[in-house]
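Given next are the chains, with one letter for each unit.
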Amino acid sequence: MLNITMIGCGAIGIGALELLEKDPDLRVDAVVVPAESQELIRQRLASFEHPPTVLTELPADARPDLLVECAGHRAIEQHVLPALARGIPCLVVSVGALSEYGLAERLEAAAREGGTRIELLPGAIGGIDALSAAKVGGLESVLYTGRKPAGAWKGTPAEQACDLDNLAEATVIFKGSAREAALLYPKNANVAATLSLAGLGLDRTEVQLIADPHSSENVHQVEARGAFGGFELTLRGKPLAANPKTSALTVYSVVRALGNHAHAISI
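Computed from a prediction, not measured in an experiment: that's the story for all the values here.

*Asks:* I'm lost on the sheet that holds strand β10 (residues 218–226) in this one. Help?
*Replies:* Hydrogen bonds between backbone groups are what pair the strands of a sheet, and the pairing can be parallel or antiparallel. Pairing is mixed in the open sheet, where 5 strands are placed in the order β8-β9-β7-β10-β11. With partners counted over all chains shown, the strands left at the sheet margins are β8 (171–177) and β11 (229–237), one partner each. Within the sheet, the average angular offset between the axes of one strand and its neighbour, ignoring direction, is 10 degrees. In terms of strand pairing, β10 meets β11 through 9 bridges, oriented antiparallel.

*Asks:* In this structure, what is going on with the domain arrangement of the protein? I would like to understand it.
*Replies:* Bring the parts together and some accessible area is lost; that lost area is often taken as the interface size. Split into domains, the protein comes out as domain 1 (2–123 + 248–261) and domain 2 (128–237). Between the C-alpha centres of domain 1 and domain 2 there is a distance of 25 Å. The partner domain 2 presents 12 residues to the 13 residues of domain 1 that form the contact. Between domain 1 and domain 2 lies a buried interface of about 930 Å² when both sides are counted; carbon and sulfur atoms form 66% of it. Interface area lost by domain 1 to domain 2 is led by V95, S99 and Y101, which between them contribute 43%. For the pair domain 1 and domain 2, the number of links is 0 salt bridges. Summed over the shared surface of domain 1 and domain 2, the result is 3 residue pairs in polar contact (both at pLDDT 80 or more).

*Asks:* When you look at the UniProt feature "domain: Aspartate/homoserine dehydrogenase NAD-binding" (unreviewed entry) in the protein in this model, what are you seeing that I'm missing?
*Replies:* Cross-referencing UniProt, the feature "domain: Aspartate/homoserine dehydrogenase NAD-binding" (unreviewed entry) maps to residues 8–119 in the present numbering. Secondary structure content for residues 8–119 is 38% helix and 17% strand, while the C-alpha to C-alpha distance between its ends is 17 Å.

*Asks:* Is there a simple way to think about helix α8 (residues 190–198) in this case?
*Replies:* Note: α-helices contain 3.6 residues per turn, so residues at a spacing of three or four share the same orientation. Of all 9 residues in α8, 7 are buried, a share of seventy percent or more. The complete set of buried residues in α8 reads V191, A192, A193, T194, L195, S196 and A198. Where α8 is buried, its residues touch α5 (128–137), β7 (139–149), α7 (178–184), β9 (206–212) and β10.

Scoring rules and cut-offs
- Residues numbered from 1 in each chain as written.
- Predicted model: local features only at pLDDT ≥ 70, side-chain atom pairs only at ≥ 80, totals over all residues.
- Heavy atoms only, no water.
- Pairing = 2+ DSSP bridges.
- Helix = DSSP H or I, 4+ residues; strand = E, 2+ residues; numbered from the N terminus.
- Axes fitted to C-alpha atoms, helices over the stretch in contact; angles between N-to-C directions.
- Domains from an automatic or database assignment.
- Contact = heavy atoms within 4.5 Å.
- Buried area = accessible area lost by both parts, 1.4 Å probe.
- Salt bridge = Lys/Arg side-chain N within 4 Å of Asp/Glu carboxyl O.
- Polar contact = N/O pair within 3.5 Å; in protein donor to acceptor, adjacent residues only side chain to side chain.
- UniProt positions renumbered as here; feature names shortened; annotations may be inferred.
- Buried < 20%, exposed > 50% of the residue type's maximum accessible area, 1.4 Å probe, protein only.

This is the structure we're talking about:
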């Protein structure tokens, strides 16, 4: 059985924990959350058959088999970097954090120092294996279009681009590079960062983001061209009820990745 520590226990973390309770090969022993959230998280976990221990930081002597980050960009700096340096393998959901200049290199250096590795999870998007393979053969262009309900863009720079409450039709709220998208929309643009890291990089991957008042889904479209040929992918993901900025598929991506580490056969 793999012993796992989870960083963060919001909508993604709780959703993953609920599914992982059914897996005999995996156990989340501890969750790390800010001090001000501890009591609330303990209450939310009280109904679990094996509730994880709630901590504010990973103890210096802790050596979980895996550490999985579900907490947001700041957790990369605070928790993932030191864990890698201590030799703890890490799975990361907040891939958009790697749009910060130099962070990917720092994570790689920490993993090398600790003799371990970091795994970036695909989250809400599919086709990452095909895109990575296409890169080997020669990738020429990648365009990602993210379309979400208007309300999913609240609390972002989109509020300055348009009146989200009174949109009559789908509106492009951003065009630019994946690096710019991830920096401006860190809670909505992990997909753009993931695609770019698998493909042409943050500065050459094109992104457009759309607020659609008629949509009830998070729609991800990818167009890739190169020496391999080309592909188009459209994925319609239902948002998490607890957080409309996040696709439910992100939760399933975490569970799948952990299962691949624990089960006899992975795919």
